[in-house]
Amino acid sequence: MYNKQKVKEIVINYLITDVCDYHCKHCFTDIDFDGKPNYMGHSVEDHCNLIKRLYDFFQPDNPNNPLGNRLDYSQIRLNVTGGEPLLVPNIDLIFAFASKIGFNPSIITNANNLSEDMVLRIGPHLRQLGISLYACTRESQIEFGAVTRHNKYASLDNVRERVAMIRKVNPNIRVKINTIITKFNYNDDFTQIIEDLNPEKWTLIKPLEFYNREMGVSFEDFNAFTDRYKEKFKHCLTIELGDSFVEAFIMVLPDGRFFSCEVTDDTGNNTYSQKFDDIGMEKAFYEVFVNYRKYQDHLYIM
Ligand code: SF4
């Protein structure tokens, strides 16, 4: 028996697809989740069935829920990520369903497909809008790989407009910005765009070393970068070194498996559970490693 820690909500990350329209150079979706092409073959009904099973399993009073006797919580966030979730057809119906059954849904998106229509469709259902914002100039956006095959990307003006619009559609929504620091964006000045977006959270991330060899910045440079913003944005800024993410999340794939990223000296290994349909969700949970201390520390950052 553990002393239960009180937390506001727990977070389950749902990696709804490994397809993305960008090709960021640091991104592990380039590596592919497990060598298979993507998770676009699942219907809305498939996603909703799995989401309902997850919701039931992670209820605090479910005796088989591994978090139930560690954490004291009443809310569960479903953080939908990828790949690029907005490429999944009818994603709005999936968010609507998740919200209806009791999840606090959130998304991490590159915002390239965050059209006005999309804002209207998903905005009302979301607890948090997370945007991966990697560059402030066209040159660094392209060097970063945060562009489509035709060098199209969400401009800062578009991001500003859509964030303002989603706050009108849903005044309770939280906005979170994620920025990975590499040699491609190290010299960009994020002050104006972060002032304009006024996010509730802004996370600056140094990528894991093994993703980092060709594009990374030294610790010295990373610290110099973060020092530029620490004081001005202290109300929202968090700083993450890549390895602090390792084993810090509960991650689920659309075919009903848990997934985790473990790291050895110079490489990362993805670990997959067997399918829930084959061994049940509880046994599957224990087939991947979650560091509960890190998981709890990240609940307020995710
Ligand atoms: S936008 Fe996100 S998912 Fe897409 S390539 Fe970049 S880091 Fe990967």
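Residues numbered from 1 in each chain as written. Predicted model: local features only at pLDDT ≥ 70, side-chain atom pairs only at ≥ 80, totals over all residues.

S.K.: Mind laying out the overall build of the chain, listing which residues take part and the relevant values?
M.R.: Looking only at helices and strands, the chain has 10 helices and 12 strands in total. Taken over C-alpha atoms, the radius of gyration comes to 19 Å for the chain, in line with the 19 Å a tight globule of 302 residues would show. Dimensions of the chain along its principal axes, counting C-alpha atoms only, are 50 × 45 × 40 Å. Looking at the chain as a whole, 39% of its 302 residues qualify as buried. A separation threshold of at least 6 residues defines the contact pool for the chain, and within that pool the share at least 24 residues apart is 74%. (Helix = DSSP H or I, 4+ residues; strand = E, 2+ residues; numbered from the N terminus. Rg over C-alpha atoms; globule rule 2.2 N^0.38 Å. Buried ≥ 20, exposed ≤ 12 C-beta atoms within 10 Å, placed from the backbone. Contact = placed C-beta atoms within 7 Å.)

S.K.: Account for the site of the ligand, naming residues and giving values.
M.R.: Around the ligand sit 12 residues in total, of which C20, Y22, C24, C27 and N110 are the nearest. Taken together, the residues that form the shell around the ligand break down as 5 nonpolar, 6 polar and 1 charged. (Near = placed C-beta within 6 Å. Nonpolar A, V, L, I, M, F, W, Y, C, P; charged D, E, K, R; others polar.)

S.K.: Describe in detail the nonpolar core, supporting the description with residues and values.
M.R.: Counting residues in hydrophobic clusters, the biggest one holds 74 residues, and the most contacted among them are I12, L78, A146 and V252. Beyond its immediate sequence surroundings of up to four residues, V252 is in contact with I12, N13, Y14, L15, L54, F258 and F259. (Core = buried A, V, L, I, M, F, W, Y, C linked by C-beta atoms within 7 Å.)

S.K.: Which residues make up the pairing of strand β2 (residues 9-15), and what values do they have?
M.R.: Counting buried positions along β2 yields 5 of 7 residues, so the element is predominantly enclosed. For β2 and strand β4 (residues 75-81), the ladder comprises 7 bridges, and the chain directions are parallel. Counted as the bridge partner of Y14 is V80 from β4. Note that β2 and strand β10 (residues 251-253) share 2 bridges and pair parallel. Among the inter-strand pairings, Y14 is bridged to a residue of β10, identified as V252. (Pairing = 2+ DSSP bridges.)

S.K.: Give a detailed account of unusual backbone geometry, specifying residues and quantitative values.
M.R.: Between G82 and the following residue, G83, the backbone shows a cis peptide bond with an omega angle of 10 degrees. Looking at the secondary structure, you find G83 in the loop between β4 and α2 (91-101). Positive phi, normally seen in glycine, also occurs at N90, with a value near 60 degrees. As for its placement among the helices and strands, N90 is situated in the loop between β4 and α2.

S.K.: Explain the environment of G242 residue by residue, including any values.
M.R.: In this fold, G242 is placed in the loop between β9 (237-241) and β10. Each C-alpha atom, one on G242 and one on I205, is 6.5 Å from the other, the two residues being 37 residues apart in sequence. Residues contacting G242, with those up to four places away along its chain left out, are I205, K206, P207 and L208.

S.K.: Help me get a handle on the confidence of the model for the chain, residues and values and all.
M.R.: One rule of thumb: low pLDDT means the predicted coordinates there are not for detailed reading. Mean pLDDT over the chain stands at 90; residues scoring 70 or higher make up 91%. Note that pLDDT drops below 50 for residues 30-35; the model gives that stretch 8 contacts with residues more than four away or on any other chain. (pLDDT = per-residue confidence, 0-100.)

S.K.: Explain the pairing of strand β5 (residues 104-109) to me, and be specific about the residues and the numbers.
M.R.: In terms of burial, β5 is a largely internal element, 6 of the 6 residues being buried. Neither face of β5 is left uncovered, since the one carrying N104, S106 and I108 and the one carrying P105, I107 and T109 both have all their residues buried. Two elements, β4 and β5, share 4 bridges in a ladder whose sense is parallel. Across the sheet, R77 pairs through a bridge with N104, a residue of β5. Crossover β4 to β5 through α2 is right-handed. Judged from the 4 bridges that link them, β5 and strand β6 (residues 128-132) form a sheet pairing that is parallel. Pairing of S106 across the sheet is with Q128, part of β6. (Right-handed = clockwise from strand over helix to strand, strands pointing away.)

S.K.: Can you tell me about α2, naming the residues and giving the values?
M.R.: Of the residues making up α2, those classed as buried are I91, I94, F95, F97 and A98. For α2, the arc enclosing every buried residue in end-on projection is 160 degrees, short of the 170-degree limit, so these residues lie on one face. Elements in contact with the buried residues of α2: α1 (44-57), β4, β5 and α3 (116-122). (Arc of directions from axis to C-beta.)

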